[in-house]
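For reference, the chains in residue letters:
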Amino acid sequence: GQYGHNTEQWNSKSYELITKQDELTNYKYGFGNVVDNGCGSIVIYNILSLDGKDVSFPEVIKKVSLNGLPLFGYLGTFPHTVISILNSFGYKTSVFFDTQNFDEIARNHKYNIFCYISTTYGHYELAYDFNGTDYQFVNPTLRTTFANEVEDSGDCFFKALITVD
């Protein structure tokens, strides 16, 4: 099945932190694949990995899949699934929609997830390690601010900040 297939991929090459989604070409995600639809699972895995939790990426995909995938995974991961799984690991999460204040809000939290959705795409990005000026973003990996990422997300009708502590 999918879990066995993904575990084989993981056993041949695992990652401490997944920074390039497009490298995970052989991972299945619902009826789709991780390259096109797996950023929600990646953001969960990266937080757990940064905190030293003993969980593999295929285990995260399995947990996400058991919570239900929109359109069998072709539309990625529901935001409430990301929140629910992080909560199940003992994290406290909050959601904010005031894009003007994302940078200010995020400063006070260990991890932050920027989620944005348009009519044709969506994405989750992890941000952490605020240095007084900007954050370390992962997938894509760069140091920047939420103001820049909000601007780059353009015409997305849904933009949210999920804080994770």
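Above this note sits the structure.
Everything in this summary refers to the structure shown in the same document.

About the thresholds
- Residues numbered from 1 in each chain as written.
- Predicted model: local features only at pLDDT ≥ 70, side-chain atom pairs only at ≥ 80, totals over all residues.
- Heavy atoms only, no water.
- Phe/Tyr/Trp six-rings, centres within 6.5 Å; stacked < 30°, edge-to-face > 60°.
- Helix = DSSP H or I, 4+ residues; strand = E, 2+ residues; numbered from the N terminus.
- Buried < 20%, exposed > 50% of the residue type's maximum accessible area, 1.4 Å probe, protein only.
- Axes fitted to C-alpha atoms, helices over the stretch in contact; angles between N-to-C directions.
- Parallel < 35°, antiparallel > 145°, perpendicular 65-115°, else oblique.
- Left-handed = near helix turned anticlockwise from the far one by under 90°.
- Contact = heavy atoms within 4.5 Å.
- Nonpolar A, V, L, I, M, F, W, Y, C, P; charged D, E, K, R; others polar.

### Thoughts on the packing of aromatic side chains
So, step 1. In the structure shown here, the tally under the stated rule is 15 aromatic pairs.
So, step 2. On the basis of an interplanar angle of 75 degrees and a centroid distance of 5.3 Å, the ring pair of Trp-10 and Tyr-45 is categorised as edge-to-face. Placement of the pair is Trp-10 in helix H1 (residues 2-12) and Tyr-45 in helix H3 (residues 39-50), with a sequence separation of 35 residues. For the pair Trp-10 and Tyr-45, a shared accessibility class is recorded, and that class is buried.

### A look at the packing of H3 against helix H5 (residues 79-88)
Angle between the axes and distance between the axes: these two values describe a pair of packed helices.
So, step 1. In contact at an axis separation of 10 Å, H3 and H5 are set at 20 degrees when each is read in the N-to-C sense. Judged by the inter-axis angle, H3 sits roughly parallel to H5. Two packed elements cross with a definite hand, and for H3 against H5 that hand is right-handed. From H3, Gly-40, Val-43, Ile-44 and Ile-47 reach across to H5, where they touch Val-82, Ile-85 and Leu-86.
So, step 2. Its residues placed into classes, the contact of H3 with H5 shows six nonpolar, one polar and no charged.

### Comments concerning the side chain of Thr-145
So, step 1. Take Thr-145: it is sitting in the loop between strand S7 (142-144) and helix H7 (146-152).
So, step 2. With relative accessibility at 17%, the residue Thr-145 sits in the buried group.
So, step 3. Other than its neighbours up to four places away in sequence, Thr-145 contacts Asp-103, Thr-133, Asp-134, Tyr-135 and Phe-137.

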